[in-house]
Amino acid sequence: MEESGTATRLTIYVGEDDHWHHKPLYHEIVRRARDAGLAGASVLRGIEGYGASSLIHTTRILSLSEDLPVVVVIIDDEARLRAFLPQLDELIGEGLVTLDQVEVVRYVGRQPK
């Protein structure tokens, strides 16, 4: 069975070295998203990027950067995501948060052929 429709994507851009109480910030964001009952969250680690500091962080061996870009993506109903934003205000000192509309195509209940 295929279900489709529109939803909202919350994308949170932080650095790998960003922490919350001695744990990775992205881990705390995912934990709080789960506790808030959001549909799901994925954490993606970038191989290169820069932010407000304009300092390029990369996985290239000569640079040996450890503060690589990290993106947390959560897709859910817009109202639920907007209700979650105050938690991000508490957690994120420096970073970027975006909200955008997406079309969702989800495959559920597939039986093996």
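To be clear, the structure that these remarks concern was listed above.
Note that the structure is a prediction, hence the values are computed from the model and not measured.

**Q** Sorry if this is basic, but what is going on with the pattern of salt bridges here?
**A** Side chains that differ in charge, positive against negative, can pair when their charged atoms come close. Within the structure shown, the criterion is met by nine salt bridges. With a closest N to O distance of 2.8 Å, R32 and E28 form a salt bridge. Placement of both R32 and E28 in helix 1 (residues 25-35) is noted, with a separation of four residues, approximately one turn of the helix. The same class applies to R32 as to E28, namely buried. The salt bridge involving R34 is made with D35; its shortest N-O contact spans 3.1 Å. A relative accessible area of 60% places R34 in the exposed class.

**Q** What exactly am I supposed to notice about helix 1 here?
**A** Helical periodicity: at 3.6 residues per turn, an α-helix aligns residues three or four positions apart in one direction. Along helix 1, the residues that are buried comprise L25, E28, I29, R32 and A33. An end-on view of helix 1 places all buried positions within 135° of arc, on one side of the element. Downstream of helix 1 by one or two residues, G37 has phi in the positive range, about 80°.

**Q** How should I be thinking about helix 2 (residues 78-91) in this particular structure?
**A** Along its 14 residues, helix 2 runs 20 Å from first to last C-alpha, staying within 8% of the 20 Å computed at 1.5 Å per residue. Along its length, helix 2 shows its largest kink, about 30°, at L85, and proline P86 lies within four residues downstream of that point. Looking only at helix 2, the buried set comprises L81, F84, L88 and L91. At the N-terminal end of helix 2, a side-chain oxygen is found 3.2 Å from the backbone nitrogen of A79, two or three residues along, and the residue is D77.

**Q** I tried to follow unusual backbone geometry on my own but got confused; where do I start?
**A** A negative phi angle characterises most non-glycine residues, just as the trans form characterises most peptide bonds. The phi torsion at H21 lies on the positive side, around 50°, for a residue other than glycine. Here H21 shows up in the loop between strand 2 (19-20) and strand 3 (23-24). The exposure class assigned to H21 is exposed, which follows from its relative accessible area of 61%. Positive phi values are uncommon outside glycine, yet H22 reaches one of about 70°. If you trace the backbone, H22 turns up in the loop between strand 2 and strand 3.

Rules behind the numbers
- Residues numbered from 1 in each chain as written.
- Predicted model: local features only at pLDDT ≥ 70, side-chain atom pairs only at ≥ 80, totals over all residues.
- Heavy atoms only, no water.
- Salt bridge = Lys/Arg side-chain N within 4 Å of Asp/Glu carboxyl O.
- Helix = DSSP H or I, 4+ residues; strand = E, 2+ residues; numbered from the N terminus.
- Buried < 20%, exposed > 50% of the residue type's maximum accessible area, 1.4 Å probe, protein only.
- Arc of directions from axis to C-beta.
- Expected span 1.5 Å × (residues − 1).
- Bend = angle between axes of the 7 residues up to and from the residue.
- Polar contact = N/O pair within 3.5 Å; in protein donor to acceptor, adjacent residues only side chain to side chain.

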